[in-house]
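# A look at the structure
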Amino acid sequence: MLRLPPHIYALVFPFALILTAHAMRNTFFSLFLRDWLGASDALVGTVLGVQGVIGSAAALWAPALAQRLGYRQVIIVGLCLTALTTALLVASAPLEAALLLIFSSGAAFQIALVLYRVFAINSVQREDYFILSTLMAVASNVGPMVSPSIGGVVLAQGGYPGLMGLSALIWMIAAGSFVWLSDRSRVPGSRPVPQTPAE
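None of these values were measured; they are calculated from a predicted model.

About the criteria used
- Residues numbered from 1 in each chain as written.
- Predicted model: local features only at pLDDT ≥ 70, side-chain atom pairs only at ≥ 80, totals over all residues.
- Heavy atoms only, no water.
- Helix = DSSP H or I, 4+ residues; strand = E, 2+ residues; numbered from the N terminus.
- Buried < 20%, exposed > 50% of the residue type's maximum accessible area, 1.4 Å probe, protein only.
- Contact = heavy atoms within 4.5 Å.
- Areas by Shrake-Rupley, 256 points an atom, 1.4 Å probe, with all protein chains shown as cover.
- Polar contact = N/O pair within 3.5 Å; in protein donor to acceptor, adjacent residues only side chain to side chain.
- Lys, Arg positive; Asp, Glu negative; His and termini not counted.
- Salt bridge = Lys/Arg side-chain N within 4 Å of Asp/Glu carboxyl O.
- Core = buried A, V, L, I, M, F, W, Y, C linked by side-chain atoms within 4.5 Å.
- Axes fitted to C-alpha atoms, helices over the stretch in contact; angles between N-to-C directions.
- Parallel < 35°, antiparallel > 145°, perpendicular 65-115°, else oblique.
- Left-handed = near helix turned anticlockwise from the far one by under 90°.
- Phe/Tyr/Trp six-rings, centres within 6.5 Å; stacked < 30°, edge-to-face > 60°.
- Lys NZ or Arg CZ within 6 Å of the ring centre and 35° of its normal.
- Patch = residues over 30% accessible without salt bridge, like charges linked within 9 Å, V, L, I, M, F, W, Y side chains within 5 Å.

With that settled, consider the overall build of the protein. Scanning the protein for helices and strands turns up six helices and zero strands. For the protein, the α and β elements follow one another from N to C terminus as α-α-α-α-α-α. The buried share of the protein, taken over its 199 residues, is 46%. Partitioning the intrachain contacts of the protein with sequence separation of at least 6 by distance along the chain shows that 84% fall at a separation of at least 24. For the protein, the accessible surface area stands at approximately 9,800 Å², while carbon and sulfur atoms represent 69% of it.

Our next topic: the side chain of Ser123. Tracing the backbone shows Ser123 in the loop between helix H5 (95-121) and helix H6 (129-184). We classify Ser123 as buried; its relative accessible area is 1%. There is a polar contact of 2.6 Å between the side chain of Ser123 and the backbone oxygen of Phe119.

This part covers the side chain of Arg25. Here Arg25 is to be found in helix H1 (residues 6-27). Buried charge without a salt bridge: Arg25, with Asp35 as the nearest opposite-charge side chain at an N-O distance of 15 Å. Within the structure, Arg25 has its side chain in polar contact with the side chain of Ser105 (distance 2.8 Å). In this view, Arg25 contacts Gln51, Thr86, Ser105, Met164, Ser167 and Trp171; residues no more than four positions away in its chain are not counted.

Glancing now at the nonpolar core. The biggest cluster of nonpolar side chains holds 59 residues, and the ones touching the most others in it are Ile18, Phe32, Leu33, Ile102, Leu115, Tyr116 and Leu132. Listing elements by their share of this core, those giving two or more residues are H1, helix H2 (29-36), helix H3 (41-69), helix H4 (71-89), H5 and H6. Counting residues per element, this core draws most heavily on H6, which supplies 16 residues. Here Ile18 is in contact with Leu79, Phe109, Leu113, Tyr116, Trp171 and Ala174, once residues within four sequence places are set aside.

Packed helices, taken two at a time, are described by the angle their axes make and the gap between the axes. Where H3 contacts H5, the two axes come as close as 7 Å, and the packing angle between them is 40 degrees. The orientation of H3 with respect to H5, classified from their angle, is oblique. Read as a crossing pair, H3 and H5 show a hand that is right-handed.

Bringing the pattern of salt bridges into the picture now. Summed over all chains, the structure comprises one salt bridge. We note a salt bridge from Asp35 to Arg34, for which the minimum N-O separation is 3.1 Å.

What describes a pair of aromatic rings is the distance from one ring centre to the other and the angle between the planes of the rings. Inspection of every chain in the model, using the stated rule, returns eight aromatic pairs. For the pair Phe29 and Phe32, a centre-to-centre distance of 6.0 Å together with 20 degrees between the ring planes defines the contact as stacked. Here Phe32 and Phe29 lie together in helix H2, a separation of three residues that amounts to about one turn. When sorted by exposure, Phe29 lands in the same class as Phe32, which is buried. An aromatic cluster is defined as three or more aromatic residues linked by ring pairs; in this entry it consists of Phe15, Tyr116, Phe119 and Phe178. One Lys or Arg, Arg25, reaches over the ring of Phe29 and ends 5.0 Å from the middle of that ring. Sitting over the face of the ring of Phe178, Arg72 holds its NZ or CZ atom 5.8 Å from the ring centroid.

Judged by side-chain polarity, Val138, Val142, Met145, Val146 and Ile150 come together as a nonpolar surface patch covering roughly 420 Å² of accessible area. Position of Ile150 relative to the elements: it lies in helix H6. Ile150 gets classed as partly exposed once you look at its relative accessible area, which sits at 42%.

This next bit is on the environment of Thr27. By the element assignment, Thr27 lies in helix H1. In this structure the C-alpha to C-alpha distance between Thr27 and Pro148, which are 121 residues apart in sequence, comes to 6.2 Å. In terms of polar contacts, Thr27 uses its side chain to reach the backbone carbonyl oxygen of Ala23, at 2.6 Å.

Written as structure tokens, this is what we have:
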């Protein structure tokens, strides 16, 4: 595994950070809606459901957006918007403003996540599909495994501003590391027509 091409690791590391930040925020998100924003239990359920619908719609729209603007650009902007909207949540006074940020964050995150997976698979040779998929599967479990406990400590010490701030910071680090590592490792980038193992 140590002899793998550097761009394999360059693709997996930001992916792990993306899911780590997402798990850290989402573990306590229902509590945040209720305790910080004062949402009722019924509203919390509705917000989470609507966020899922909006995220799914955004994911379906993501390929068309990437074809027009470029995969890397949309991924970076999506991660930065996710971080920004998350950080602003603790400063949003009216509930309506918070809901707008929540739905925007969910859409931006899903777009970035979907396109990152496509970008990653299009950035390796066919023989590297399996190891990349394996490492990304491991990353998708490791981040969510450790981040809730870390988030709990941060929440206890710094409250929701600290939790949201740390999640936003990790997303920004993911965006920055994606740019830096992919450039240094010469990740080829996405092709006009996504290549899949089935081709």
